[in-house]
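# Observations on the model geometry
Spelled out from the first residue to the last, the chains are:
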Amino acid sequence: MSEACKLDLADIKWDLGRFGKLHVRHGKGARGSGPRERMVPLINGADRTLRWFIEDVWGQFDDDHTRDGTAVAADGTHMDTYLDNLLSDTSVRYGKPGGIAYHHVSDTYIALFTHFIPCGVWEAVYIIEDLLKNTSEVQPTTVHADTQGQSFPVFALAHLLGFDLMPRIRNWKELTFYRPSKQTEYVHIDALFGEPGKHVIDFDLIESRFRHLMRGAVSVREGTISSSTLLKRLRSGSRKNATYAAFREVGRVIRTVQLLRYLTDAPLRRRVTAATNKVESFNRFSQWIGFGNRGVIADNDPIEQEKAMKFNALLTNSVIFHNALDIAEIVRQLLA
């Protein structure tokens, strides 16, 4: 076990021998003679097991194994209700009545917040909501989400409130990169920004509406208006509205920077993928845990619906924590 803990990908030599070999750099020497390097053939199916672990298991995790809860991933999952439930909506995506259990899952695999929201709402407006209500010792600063987190107003508000919004970006080739000025051109990546002179950030508009931008952010921070309400208004507001346009321009700046980070930083892409995989796995596990009444929420009271979601998340967290303790105890016994 102590030898295996010190291995790395570079120690796997697939091209050596029939099955490949493992370079054990910190092998045990005979009769206490000290560490001794050796090459171990990957026989008896060890090559297949190792390939499975690297490709299907290791890929689900990021490169940072010292997680401190400062990053969260937000995502929702459909929860069934009865057809005559007055507070449910019929989901276009799932084709059945219900609501959305919207979780914020930390990089330690634990759900920090849970909301029960209608199917018809835009999930992205709730990305920031719970983070502002958080009074625990765990204070996330980085937020990952699925594709719906790419809205310009969401990027803008997250940045103004001090959160680093980095969603999983699919079909990035179809997204627009914005230039800081008409004269700006780049040597190697100019094609990403489209035709020269177009797709330009209106910094004059941002400067002229800066007070309004900060007034909105401060109002959200102080609880005068919720972030979900503000984002709903910005989404449904007229595109001719100057404040909406200013939020949009700030969002264009932030999303362009995040797109460039996403494209150039392979470890970052792995972290984002790992984070969104965690919240999706949590959603599936929480649905498996919530087997009572076949997972159908029968209550019409929104408070009771919210309780059901929070109790389900608490139970899921407890099972995850218990499993972690059991695994840690087994590892300690193996190392003893």
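Quick caveat, the model's predicted, so the values are computed rather than measured.

What counts as what
- Residues numbered from 1 in each chain as written.
- Predicted model: local features only at pLDDT ≥ 70, side-chain atom pairs only at ≥ 80, totals over all residues.
- Heavy atoms only, no water.
- Helix = DSSP H or I, 4+ residues; strand = E, 2+ residues; numbered from the N terminus.
- Buried < 20%, exposed > 50% of the residue type's maximum accessible area, 1.4 Å probe, protein only.
- Polar contact = N/O pair within 3.5 Å; in protein donor to acceptor, adjacent residues only side chain to side chain.
- Contact = heavy atoms within 4.5 Å.
- Pairing = 2+ DSSP bridges.
- Salt bridge = Lys/Arg side-chain N within 4 Å of Asp/Glu carboxyl O.
- pLDDT = per-residue confidence, 0-100.
- Expected span 1.5 Å × (residues − 1).

Checked against the element boundaries, Thr-114 lands in strand S7 (residues 111-118). Relative accessible area serves as the criterion here: at 4%, Thr-114 is assigned to the buried category. Within the structure, Thr-114 has its side chain in polar contact with the side chain of His-103 (distance 2.9 Å). Once you skip the residues sitting within four places of it in the chain, Thr-114 turns out to touch Tyr-102, His-103, Asp-130, Glu-306, Met-309, Lys-310 and Ala-313.

Moving on: the sheet that holds strand S1 (residues 12-13). Read across the sheet, three strands follow the order S1-S2-S3 without closing on themselves; strand pairing throughout is antiparallel. Of all the strands in the sheet, the pair left with one neighbour each is S1 and strand S3 (38-41). Taken together, the four bridges between strand S2 (residues 21-24) and S3 define a ladder with antiparallel strand orientation. Counted as the bridge partner of Val-24 is Arg-38 from S3.

Two strands pair when backbone bridges link them, and S1 and S2 are joined in this way by two bridges, in the antiparallel orientation. Bridge pairing links Ile-12 to Leu-22 in S2.

Pairing between side chains becomes possible if they bear opposite charge and their charged atoms approach one another. Going through the model one piece at a time under the given rule, you end up with ten salt bridges. We note a salt bridge from Arg-248 to Glu-249, for which the minimum N-O separation is 3.3 Å.

All right, on to the confidence of the model for the chain then. Parts of the prediction with low pLDDT should not have their coordinates interpreted in detail. In this model, the chain carries a mean pLDDT of 81, and residues with pLDDT of at least 70 account for 83%. Per-residue pLDDT, averaged within each element of the chain, yields its smallest value for strand S5 (residues 89-90) (68) and its largest for helix H4 (residues 203-208) (94).

For helix H5 (residues 210-221), which comprises twelve residues, the first-to-last C-alpha distance of 16 Å matches the rise-based estimate of 16 Å (1.5 Å per residue) to within 8%. Positive backbone phi, at 85°, marks Gly-223, one or two positions downstream of H5.

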